[in-house]
Amino acid sequence: MEVLEAIKTRRSIRHYKLDGVSDESLWQVLEAARWAPSWANTQCWHFVVVRDPSIKARIVELLRGNRAVQAVDEAPIVIVLVAQVGRSGFSGGVPATDKGEYWYMFDSALAMQNFILAAHALGLGTVIIGKIDTKEVEKLLGVPSGFRVVTMTPLGYPAENPSPRPRLDTSALVSFDKFELSV
Ligand SMILES: Cc1cc2nc3c(=O)[nH]c(=O)nc-3n(C[C@H](O)[C@H](O)[C@H](O)COP(=O)(O)O)c2cc1C
């Protein structure tokens, strides 16, 4: 699938088939994430591939109330993106910009975007999940201090084909030469 087509046709998938995901496909999408750009090529990301039903069940419990809870329950795999803090956005051990330590969020998003687009190109579904009790997930997965859970997504074959959610017109997002918000 062409990149532009993948960007335009990807949707958040919240219902999954029971079919498993081959190791080959899993490694292909992880490989796509690996090629994301990052601050000074620091690559602060780490992907925990959750397949153990008991760990997945606990994540489902922690996601109660989230629209994506059923997606995680149904999909055969959950990918949890963990980032190391204190590397992205840092220079000589101190934050290099007015954004402080938070560039790890930016780099993680780039890796996640690669991941979800590659998954879609292979016919796999994902939905980025941000509303998580990260502290509890960190405990569950044994994430050490200095690392933070950023986001997660189920990974599996879609059992739905949702319509596109609306987007603002491109012209409403853009100004030329000077910043200007169109009303
Ligand atoms: C940072 C971020 C956090 C999100 N968190 C959740 C979430 O917690 N639960 C959920 O069901 N969807 C979540 N989503 C999915 C968005 O709702 C979805 O991307 C948006 O509505 C656009 O729909 P689309 O992905 O199908 O184009 C999140 C998306 C992003 C980018």
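How each quantity is defined
- Residues numbered from 1 in each chain as written.
- Predicted model: local features only at pLDDT ≥ 70, side-chain atom pairs only at ≥ 80, totals over all residues.
- Heavy atoms only, no water.
- Helix = DSSP H or I, 4+ residues; strand = E, 2+ residues; numbered from the N terminus.
- Rg over C-alpha atoms; globule rule 2.2 N^0.38 Å.
- Contact = heavy atoms within 4.5 Å.
- Areas by Shrake-Rupley, 256 points an atom, 1.4 Å probe, with all protein chains shown as cover.
- Expected span 1.5 Å × (residues − 1).
- Buried < 20%, exposed > 50% of the residue type's maximum accessible area, 1.4 Å probe, protein only.
- Pairing = 2+ DSSP bridges.
- Near = heavy atom within 4 Å.
- Polar contact = N/O pair within 3.5 Å; in protein donor to acceptor, adjacent residues only side chain to side chain.
- Nonpolar A, V, L, I, M, F, W, Y, C, P; charged D, E, K, R; others polar.
- Axes fitted to C-alpha atoms, helices over the stretch in contact; angles between N-to-C directions.
- Core = buried A, V, L, I, M, F, W, Y, C linked by side-chain atoms within 4.5 Å.
- Arc of directions from axis to C-beta.

(A) Quick look at the overall build of the protein chain. Regarding its fold elements, the protein chain presents six helices and five strands. Along its sequence from the N terminus, the protein chain presents helices and strands in the succession α-α-β-α-α-β-β-β-α-α-β. Radius of gyration (C-alpha) of the protein chain: 18 Å, near the 16 Å computed for a compact globule of 183 residues. Each of the three principal axes of the protein chain carries a C-alpha extent, and together these read 50 × 40 × 35 Å. Of the contacts made within the protein chain by residues no fewer than 6 positions apart, 78% connect residues no fewer than 24 positions apart. Carbon and sulfur atoms form 55% of the exposed surface of the protein chain, whose accessible area is close to 11000 Å².

(B) Main features of helix 5 (residues 103–121). Helix length check: helix 5, at 19 residues, gives a terminal C-alpha distance of 27 Å against a target of 27 Å (1.5 Å per residue), a fit within 8%. Here helix 5 has its buried residues at Y104, D107, S108, A111, M112, F115, I116, L117, A118, A119 and H120. Where helix 5 ends, the next residue or the one after it, G123, has phi of about 85°, a positive value.

(C) Highlighting the pairing of strand 5 (residues 147–155). Within strand 5, seven of the nine residues are buried, which leaves it mostly tucked inside the rest of the structure. By the bridge criterion, eight bridges tie strand 2 (residues 77–84) to strand 5 in an arrangement that is antiparallel. Considered in strand 5, the bridge of V80 is made with M152.

(D) Structural detail: the site of the ligand. The full set close to the ligand counts 14 residues, and S12, R14, N66, R165 and R167 are the nearest of them. A distance of 2.9 Å separates an oxygen atom of the ligand from a polar side-chain atom of R14. Protein chains shield 65% of the accessible area of the ligand, which is 620 Å² for the free molecule. Counted by class, the shell around the ligand contains four nonpolar, three polar and seven charged residues.

(E) The arrangement of the sheet that holds strand 5 in detail. Taken in spatial order, the three strands line up as 1-2-5 in an open sheet, and their pairing is antiparallel. Lying at the two open borders of the sheet, with one neighbouring strand each, are strand 1 (45–50) and strand 5. Direction aside, the axes of adjacent strands within the sheet are offset by 25° on average. Seen against the sheet, helix 6 (residues 134–141) touches strand 1, strand 2 and strand 5 and runs at an angle of roughly 85° to strand 5.

(F) Fine view of the nonpolar core. In terms of nonpolar packing, the biggest core is built from 25 residues, with F47, I79, F115 and L155 touching the most fellow members. Those elements giving two or more residues to this core turn out to be helix 2 (23–34), strand 1, strand 2, helix 5 and strand 5. Looking at which element gives the most residues to this core, the answer is helix 5, with seven residues. In this structure F47 touches L30, A33, I79, V80, L81 and A111, once residues within four positions along its chain are discounted. Counting 22 residues, the second largest nonpolar core, distinct from the first, contains V50, A68, I129 and M152.

(G) Just helix 6, in detail. When helix 6 is considered as a whole, its buried residues turn out to be V137, E138 and L141. Down the axis of helix 6, the sector holding all buried residues measures 105°, keeping them to one side. Across from the buried face of helix 6, at angles greater than 90 degrees, the exposed residues are K135 and K139. Taken together, the buried residues of helix 6 touch strand 1, helix 3 (53–62), strand 2 and strand 5.

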